[in-house]
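Residues per chain are reported as follows:
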Amino acid sequence: MATFLYRLGRFAFRRRHFVALFWVALLTLAGVAAASAPAAGSTAFSIPGTEAQKAFDLLEQRFPGMSADGATARVVFKAPAGEKTTDPGNRATVKKTVRELADGSEVASVADPFKAHAVSKDGTIAYASVKYDVSGMELTDASREALQQAAQDARDAGLTVEVGGDALQSTPETGATEIIGIAIAAVVLVVTFGSLVAAGLPLLTAIVGVGIGVSAITALASTLDLGSTTSTLATMIGLAVGIDYALFIVSRYRAELAEGREREEAAGRAAGTAGSAVVFAGLTVVIALVGLSVVGIPVLTKMGVAAAGTVAVAVLIALTMIPALLGYAGRRIKPAGERSGPLGGARKNASGKPNLGTRWASFVVRRPVAVLLLGVVGLGAAAVPAASLELGLPDDGSQPVSTTQRRAYDLLSEGFGPGFNGPLLVVVDAGAADDPKGAVAAVTDEIKGLKDVVTVTPATYNKAGDTATITVIPGSKPSSVSTEDLVHGIRDAGAGVRADTGATVLVTGATAMNVDVSQKLNDALLPYLALVVGLAFLLLIVVFRSVLVPLKAALGFLLSVTAALGAVVAVFQWGWLAGLMGVEETGPVMSMMPIFMIGVVFGLAMDYEVFLVTRMREAYVHGERPSQAVVTGFRHGARVVTAAAVIMMAVFSGFIGSSESMVKMIGFGLAIAVFFDAFLVRMAIVPAVLVLLGRRAWWLPRWLDRVLPNVDVEGEGLRTPADGGRDTRTDPDEDRELVRA
């Protein structure tokens, strides 16, 4: 592989005009396709195989026109102090608002509060339920504006009016913090390279890669049913890996220049060595993202595949566009060890003292046990909160108090109880029952006898009379454990009714769907972990030609991801530093967070493992003792890996300012996970373990060595007699002497 990438790098350097034109043309085509593509419609949120989804499908068949999965809105009215919504003037305002809402082109029905008994006992709060023909993501901006305008007209008449429900869901906004994250990345690159020109190359190529990826997603959004969160994830991952991959190749190019090679040769060798690491690092990220498809949630699968495509583009750009741009930059890119002014003018770094990476690695070589224990204990302490992890999906109760959705949620809780925000829809399929109405009555009686049930509405039958719906109002809020227990309780009671009458009982609604999603994600966690870690483990065996190094990499990842989950629990569930993070409401951690973090963090963690340890492996293969190889790897790679980690943290942290709680949580979780993995696992635990293992770290059974393909990540095939091919490796006793030094 190193030889092929070496030739590719030299080709891109020589044919820089062709390569640059190719990528610019591809970006232009993707942009034109995105601009001319039809607007994306709904992201159909379906969870195949769950009871809640089966109930939705049954309602579509038995209640045609009901739009069971259509968007809903609750317009909540509160009378001024000392008045009631039933007073003549306030009643007239509410009825006028109901008529105004009913005029919407996508509105299926609007329930008059006074006819639907949707008025609180004290008469101060009432609500109108609005049902739409289309889902929340399909709803047009005109319909949302009409909903908000109707609410504003009622406010102008003197009532307090708030709107809840998924009809107001919109594309999340990330705010200025995303731009700040990119700005921090730019500063880190300038500090790392000492030149605006060198720093600009990774930024430029990352932006081109993300532009192509996001434009392609936008162009295909309508055809493939891709949502706005898909683009957000692709941007987040694409920017981070795009900058990092380019950073490693540019850094290796400067190191090759420092060894006296011509620029074209240096570009080829950078692509052959660092480029090989980029390919395998990218493969681990792609495996982790595509592996999300095993969960069986279509939305998550599409997000993972789209982000994986953006990562693949980032790898290709790093291998081809970076060498081409290095050709354009010419002498403005200085060799490693030389600093340059913003636009040129080199100056030698005259300091002969070892760099920080060398000094740190030497310390680890002398004190491997202490460093290992401190790293493991520190991550273990951070992981403690993960033992209290509670999973759920966000609802209006998790919105900031400044939003109308949250205020509507609070008003409904005040007027009707907390469970009113999470009604359960029970669907009774009595087609196989001898007495359908008797079966439905039995179901109703069973539900009324369950704990935490406040209200059970009379059954509503379809035209055929073989299917009925019953609405159940819990006594607890939607995200509570009590409500989840009630969902399971109704399903257990339904199993008994089916045995007695033959009727099938299904529980659905947003709350029940959240319960099913959480369960599906929990069930998929171990198979997903086994698949992703297993495939990546095999890949790393090929890369490092070792059994223990990939095993150590996987165990280190488990430490970092558990610690990161602990930090997420501490902030978003316990409320530690919540104000600093802009978290206005604590609650359960998003259900997909653990499996999502496992996938993305594993891929990113392997990036640093591959970049740092391949440098050590390269030094070892070229003749250095294992302990010396650790120091050499840090001398060449620590500064760049540190810069890459800071950049990735800055990019992810930029999404903490998002208005969407899911994006905010993902941004924080990935940023803290990169911190733990890069600085505690890869910079401390990994070198300590390698020093303690010595030559055993690179052990590989002979039979396995014969079977595995030789991908030559270290660039051994590029060695020439001038490079010094003599094997100067010594015996293990010399390694132990270096450790004691």
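Residues numbered from 1 in each chain as written. Predicted model: local features only at pLDDT ≥ 70, side-chain atom pairs only at ≥ 80, totals over all residues. Heavy atoms only, no water.

Draft legend 1. View of the overall build of the chain. Each helix and strand in the chain was counted, giving 23 helices and 13 strands. Restricting the contact set of the chain to residue pairs at least 6 apart, pairs at least 24 apart contribute 79%. (Helix = DSSP H or I, 4+ residues; strand = E, 2+ residues; numbered from the N terminus. Contact = heavy atoms within 4.5 Å.)

Draft legend 2. Spotlight on the pattern of salt bridges. Counted under the stated rule, the structure contains 21 salt bridges. Across the pair E264 and R14 runs a salt bridge, and its minimum N-O distance is 3.0 Å. Of this pair, E264 sits in helix 9 (residues 263–290) while R14 sits in helix 1 (residues 2–14), placing them 250 residues apart in sequence. Under the relative-accessibility criterion, R14 is labelled partly exposed at 40%. One salt bridge in this structure joins D112 and K95, with 2.8 Å as the shortest N-O distance. Taken together, the residues span a long stretch of sequence, with D112 in the loop between strand 2 (107–110) and strand 3 (125–132) and K95 in helix 4 (residues 88–102) at a distance of 17 residues. When its relative accessible area of 13% is taken as the criterion, D112 is described as buried. Its relative accessible area of 26% is what places K95 among the partly exposed residues. (Salt bridge = Lys/Arg side-chain N within 4 Å of Asp/Glu carboxyl O. Buried < 20%, exposed > 50% of the residue type's maximum accessible area, 1.4 Å probe, protein only.)

Draft legend 3. Representation of the nonpolar core. Within the largest apolar cluster, 167 residues are counted, with the highest numbers of intra-cluster contacts made by Y245 and F652. Ignoring any residue separated from it by four or fewer positions in sequence, one finds F652 in contact with M236, I237, A240, L604, G667, L670, A671 and V674. (Core = buried A, V, L, I, M, F, W, Y, C linked by side-chain atoms within 4.5 Å.)

Draft legend 4. Spotlight on a nonpolar patch on the surface. A cluster of nonpolar residues, V294, L531, L535 and L538, forms a patch on the protein surface that exposes about 320 Å² of accessible area. Mapped onto the fold, L535 is located in helix 16 (residues 510–544). The exposure class of L535 is partly exposed, given its relative accessible area of 39%. (Patch = residues over 30% accessible without salt bridge, like charges linked within 9 Å, V, L, I, M, F, W, Y side chains within 5 Å. Areas by Shrake-Rupley, 256 points an atom, 1.4 Å probe, with all protein chains shown as cover.)

Draft legend 5. Structural context of unusual backbone geometry. Positive phi, close to 75°, is recorded for D452, a residue that is not glycine. Note that D452 resides in the loop between helix 14 (436–448) and strand 9 (453–456). For R545, which is not glycine, the phi dihedral falls at a positive 50°. Examined against the element boundaries, R545 turns out to sit in the loop between helix 16 and helix 17 (548–573).

Draft legend 6. Structural context of the sheet that holds strand 4 (residues 160–164). The 4 strands lie next to each other as 2-3-1-4, forming an open sheet whose pairing is antiparallel. Strands with a single pairing partner mark the edges of an open sheet, and in this sheet they are strand 2 and strand 4. Within the sheet, the average angular offset between the axes of one strand and its neighbour, ignoring direction, is 20°. Judged from the 5 bridges that link them, strand 1 (residues 72–78) and strand 4 form a sheet pairing that is antiparallel. Bridge pairing in strand 4 places K78 opposite T160. Sheet strands in contact with helix 5 (residues 141–156) are strand 1, strand 3 and strand 4, and its direction is about 160° off that of strand 4. Running at roughly 105° to strand 4, helix 13 (residues 404–416) makes contact with strand 1, strand 3 and strand 4 of the sheet. (Pairing = 2+ DSSP bridges. Axes fitted to C-alpha atoms, helices over the stretch in contact; angles between N-to-C directions.)

Draft legend 7. Helix 5, seen in detail. Look at helix 5: 22 Å from first C-alpha to last across 16 residues, which is about the 22 Å you get at 1.5 Å a residue. Those residues of helix 5 that are buried lie in contact with strand 1, helix 4, strand 3 and strand 4. (Expected span 1.5 Å × (residues − 1).)

Draft legend 8. The arrangement of the packing of aromatic side chains in detail. According to the stated counting rule, one finds 11 aromatic pairs in the structure shown. Between F675 and F676 the ring centres are 5.7 Å apart and the planes differ by 55°, which places this aromatic pair in the tilted class. In this arrangement the basic side chain of R74 is found over the ring face of Y127, its NZ or CZ atom lying 5.2 Å from the centre. Over the ring of F114 we find R91, and its NZ or CZ is 4.3 Å from the ring centre. (Phe/Tyr/Trp six-rings, centres within 6.5 Å; stacked < 30°, edge-to-face > 60°. Lys NZ or Arg CZ within 6 Å of the ring centre and 35° of its normal.)

Draft legend 9. View of the environment of A81. Position of A81 among the secondary structure elements: in the loop between strand 1 and helix 4. Among the residues examined, A81 registers a relative accessible area of 82% and is labelled exposed. Along the primary structure A81 and L159 are separated by 78 residues, whereas in three dimensions their C-alpha atoms are 10.0 Å apart.

Draft legend 10. The arrangement of the side chain of R263 in detail. Position of R263 relative to the elements: it lies in helix 9. Although R263 lies buried, it forms no salt bridge, and the closest oppositely charged side chain, E262, sits 6.9 Å away as judged by the N-O distance. Those residues in contact with R263, other than ones at most four positions away along the chain, are F13, Y253, L257, G330, R331 and I333. (Lys, Arg positive; Asp, Glu negative; His and termini not counted.)

Draft legend 11. Spotlight on the confidence of the model for the chain. On average, residues of the chain score 83 in pLDDT, and 90% of them are at 70 or above. Ranking the elements of the chain by mean pLDDT puts helix 23 (residues 732–740) last, at 39, and helix 12 (residues 368–383) first, at 94. Ignoring residues within four places in sequence, the model shows residues 340–351, a span with pLDDT below 50, making 21 contacts including any to other chains. A low-confidence stretch, residues 724–741 stays under pLDDT 50, and its non-local contacts, those more than four residues away or across chains, total 29 contacts. (pLDDT = per-residue confidence, 0-100.)

Draft legend 12. Focus on the packing of helix 7 (residues 196–224) against helix 10 (residues 298–329). Running from N to C, helix 7 and helix 10 point in directions that differ by 145°, and their axes come no closer than 8 Å. Of the two possible hands of crossing, helix 7 and helix 10 adopt the one that is right-handed. Contact residues: helix 7 offers V197, L201, L204, T205, V208, G209, V210, I212, G213, I217 and L224, while helix 10 offers K302, A306, T310, V313, I317, M321, I322, L325, L326 and A329. Residues that form the contact of helix 7 with helix 10 fall into these classes: 16 nonpolar, 4 polar and 1 charged. (Left-handed = near helix turned anticlockwise from the far one by under 90°. Nonpolar A, V, L, I, M, F, W, Y, C, P; charged D, E, K, R; others polar.)

Draft legend 13. Here's a closer look at helix 10. Over its 32 residues, helix 10 extends 44 Å from the first C-alpha to the last, a length consistent with the 46 Å expected when each residue adds 1.5 Å. Taking burial as the measure, the 32 residues of helix 10 include 25 buried ones, the bulk of the element. In the stretch just after helix 10, G330 is the one whose phi turns positive, near 60°.

Draft legend 14. Highlighting the environment of V94. Its place among the elements puts V94 in helix 4. Using a relative accessible area of 0% as the deciding quantity, one classes V94 as buried. Distance from V94 to A151, taken between C-alpha atoms, is 9.7 Å for residues 57 residues apart in sequence. Setting aside residues up to four positions removed in sequence, V94 forms contacts with F77, P113, F114 and L159.

Draft legend 15. Geometry of the packing of helix 11 (residues 356–366) against helix 20 (residues 626–653). Orientation of helix 11 relative to helix 20, taken along the N-to-C sense of each, is 155°, at an axis distance of 8 Å. The pairing of helix 11 with helix 20 is recorded here as roughly antiparallel in orientation. Helix-helix and strand crossings are classified by hand; for helix 11 and helix 20 the assignment is right-handed. Of the residues in helix 20, those in contact with G357, T358, W360, A361, S362 and V365 of helix 11 are S627, V630, V631, F634, R635 and A638. Class assignment for the residues of the contact of helix 11 with helix 20 results in 7 nonpolar, 4 polar and 1 charged. (Parallel < 35°, antiparallel > 145°, perpendicular 65-115°, else oblique.)

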